[in-house]
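Here are the chains, one letter per residue:
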Amino acid sequence: MKILVIGGGGREHAICVALSKDDSVTALCCAPGNPGVAEVAELREVDALDPAAVAALARDFGADLVVVGPEAPLVAGVADAVRAAGIACFGPSGEAAQLEGSKAFSKEIMAAAGVPTAESFVCATVAEAERALDAFGAPYVVKDDALAAGKGVVVTEDRAEALAHARACVERADGRVVIEAYLDGPEVSLFAITDGTTVLPLQPAQDFKRIGDDDQGPNTGGMGAYSPLPWAPAGLVAEVLERVLQPTVDELRRRGTPFAGLLYAGLALTSRGTRVVEFNARFGDPETQVVLPLLRTPLAEVLMAAATGTLDRIEPLRWHDGAAVTIVLASAGYPASSRNGDVIRGVRAAEMLSSAAGGSVRVYQAGTALDADGELVTAGGRVLAVTGRGRDLASARKMAYSGLTEIDFAGAQHRGDIASAAVAGKVRAASEG
Ligand code: GLY
């Protein structure tokens, strides 16, 4: 099977590594990829937001399957163009990807499907936003209706900050903002692979969105993650499949916009039960860097089955024992800005680490490039995700942080508390079911 992966972040590096280990994959190409991806796949250039260009590249490469990593190409209709070219595609149509592309659409689908989520108002004016903020009170949750590259959500105790974000959203042409009730309780990311009918959940993960320890500072794309969740209620995945994932997939199919690809449910396990915080239409980043390394089932056949409507024929997924923890290393200034060109050292040394109990380290590259001298340098906000695997969460965490200490670049930032509360047994699901 020849596979083309679209994207160039840590998520796509993890997808390419998983595909490169699958014997059924005879050729792997990634566009644009990054220097880390180049170790396992051929790299090509493409404008990922140009559906016709991606379809042309897929034809030129002779792809049997295209896997679209990020949300923006999906919303732009890349999967539609690839399918129209007669090539199987793992990723929803532009219409179905509105589940992530528009928070208001996602709320509409949840209401129609009876999926539990936070109460909300969709506001198109500052006056409406003010009324909504005052109806819910602090903490305020303000979400840009449209895609905002991880910068669309503000959660704050400060009404002025909440209103300023709402204003910035509604004052754009056709701008809208979704203001919703705050959900308490730990958050969980649950991914499901679907062909539009059958839904196959993966292992749950937890990610860490704020830049600083103890969830301080501004939101980021994600500063670390771990999987599985030793504290999660035993029936969580089955409950979310029945009450969230399957009804959502069924509702989209009923509307004539079937969702084939990766449905990502961001959940809060609140004191009043499990609630959906958000849906995404693609693998999460950095959760993919802990979920896929634990998947034992070869990935390509599952993605191809989702793309061709045959997921009901796939055997139950198999998983490696143990756990994985990933720590993101970000460049100076992130998330407000990012600094390029800082030389990165120690990636190889980190990947050489192992433990007597079979622990290992893998470094997934995201914002990296090679400079004129061929040195690996920073080229974006989130630069690396250092994933440690171990027989349990504590050992995996130790491996990840040991790997991190081998790596160095000027201005590097990371969190020191990824998975620490879970290892200490301090995370509790508030859910009463
Ligand atoms: N880690 C959050 C996301 O991928 O959106």
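Above this text you will find the structure in question.
Rules and cut-offs
- Residues numbered from 1 in each chain as written.
- Predicted model: local features only at pLDDT ≥ 70, side-chain atom pairs only at ≥ 80, totals over all residues.
- Heavy atoms only, no water.
- 1 Å grid on protein atoms, 1.4 Å probe; cavity = no way out; pocket = protein on both sides within 12 Å on 5 of 7 lines; lining within 4 Å.
- Points joined across faces, edges and corners; volume = space filled by probe spheres on them.
- Helix = DSSP H or I, 4+ residues; strand = E, 2+ residues; numbered from the N terminus.
- Pairing = 2+ DSSP bridges.
- Contact = heavy atoms within 4.5 Å.
- Axes fitted to C-alpha atoms, helices over the stretch in contact; angles between N-to-C directions.
- Near = heavy atom within 4 Å.
- Polar contact = N/O pair within 3.5 Å; in protein donor to acceptor, adjacent residues only side chain to side chain.
- Areas by Shrake-Rupley, 256 points an atom, 1.4 Å probe, with all protein chains shown as cover.
- Nonpolar A, V, L, I, M, F, W, Y, C, P; charged D, E, K, R; others polar.
- Phe/Tyr/Trp six-rings, centres within 6.5 Å; stacked < 30°, edge-to-face > 60°.
- Buried < 20%, exposed > 50% of the residue type's maximum accessible area, 1.4 Å probe, protein only.
- Lys NZ or Arg CZ within 6 Å of the ring centre and 35° of its normal.
- Arc of directions from axis to C-beta.

(A) View of the layout of surface pockets. Roughly 370 Å³ of volume is contained in the second largest pocket. Along the wall of the second largest pocket there are 19 residues; nearest its centre are V17, K21, L292, P293 and R389. Going through the elements one at a time, α1 (10-20), β19 (360-365) and β22 (382-390) are the ones with two or more residues in the lining of the second largest pocket. For the lining of the second largest pocket, the element with the highest residue contribution is β19, accounting for four residues.

(B) Spotlight on the sheet that holds strand β18 (residues 323-330). The strand order across the open sheet formed by five strands is β12-β15-β18-β22-β19, and the pairing between neighbours is antiparallel. Two strands lie at the open edges of the sheet, namely β12 (206-207) and β19, each paired on one side alone. Inspection of the sheet shows β12 paired to strand β15 (residues 224-227) by two bridges, in the antiparallel sense. Its bridge partner lying in β15, Q206 is registered against Y226. Helix α13 (residues 393-406) rests against β15, β18, β19 and β22 of the sheet, and its axis sits at about 30° to β18.

(C) Highlighting the site of the ligand. Taken together, the residues surrounding the ligand are D207, G221, Y264, N280, R282, G284, D285, P286 and E287. In this structure, D285 approaches the ligand through a main-chain N or O atom, which is 2.9 Å from an oxygen atom. Within the side chain of E287, an N or O atom sits 2.8 Å from a nitrogen atom of the ligand. Protein chains bury 90% of the 200 Å² of accessible surface belonging to the ligand in isolation. Looking at side-chain class alone, the shell around the ligand contains two nonpolar, three polar and four charged residues.

(D) The packing of aromatic side chains, seen in detail. Applying the stated criterion across every chain yields a total of five aromatic pairs. Ring geometry for F121 against F136: centres 5.4 Å apart, planes inclined by 40°, an arrangement best described as tilted. Highlighted residues: F121 in strand β6 (residues 120-123) and F136 in helix α7 (residues 126-136), separated in sequence by 15 residues. Judged by its relative accessible area of 39%, F121 falls in the partly exposed class. Take F136: its relative accessible area is 24%, and that puts it in the partly exposed class. Pairing F208 with Y226 gives two aromatic rings, centres 6.1 Å apart and planes at 45°, and the pair type is tilted. Taken together, the positions of F208 in the loop between β12 and β13 (210-212) and Y226 in strand β15 put the pair 18 residues apart, joining distant regions of the chain. We note that F208, like Y226, is buried. A connected cluster of aromatic rings, assembled from ring pairs, spans F90, F191, Y264 and F283. When the ring centre of F61 is taken as reference, the NZ or CZ atom of K2 above it lies at 4.9 Å.

(E) Up close: the environment of T248. Relative to the helices and strands, T248 resides in helix α9 (residues 236-254). Ignoring sequence-local partners within four residues, the contact set of T248 consists of L99, I109, A113, V115, L263 and F279. In this structure the side chain of T248 is engaged in a polar contact, spanning 2.6 Å, whose partner is the backbone oxygen of V244.

(F) Expanded view of the side chain of H165. The residue H165 is located in helix α8 (residues 159-170) in this model. Among the residues examined, H165 registers a relative accessible area of 14% and is labelled buried. Setting aside chain neighbours within four positions, we find H165 in contact with V142, D144, K151, G152, V153 and V154.

(G) Region of the structure containing α7. Buried within α7 we find V126, A129, A132 and L133. The buried residues of α7 all sit within an arc of 120° when viewed along its axis, so they share a single face. Away from its buried face, by an angle of more than 90 degrees, α7 presents the exposed residues R131 and A135. Residues of α7 that are buried sit in contact with β6, β7 (140-144), α8 and β9 (177-180). Immediately beyond the C-terminal end of α7, within one or two residues, lies G137, with a positive phi of roughly 75°.

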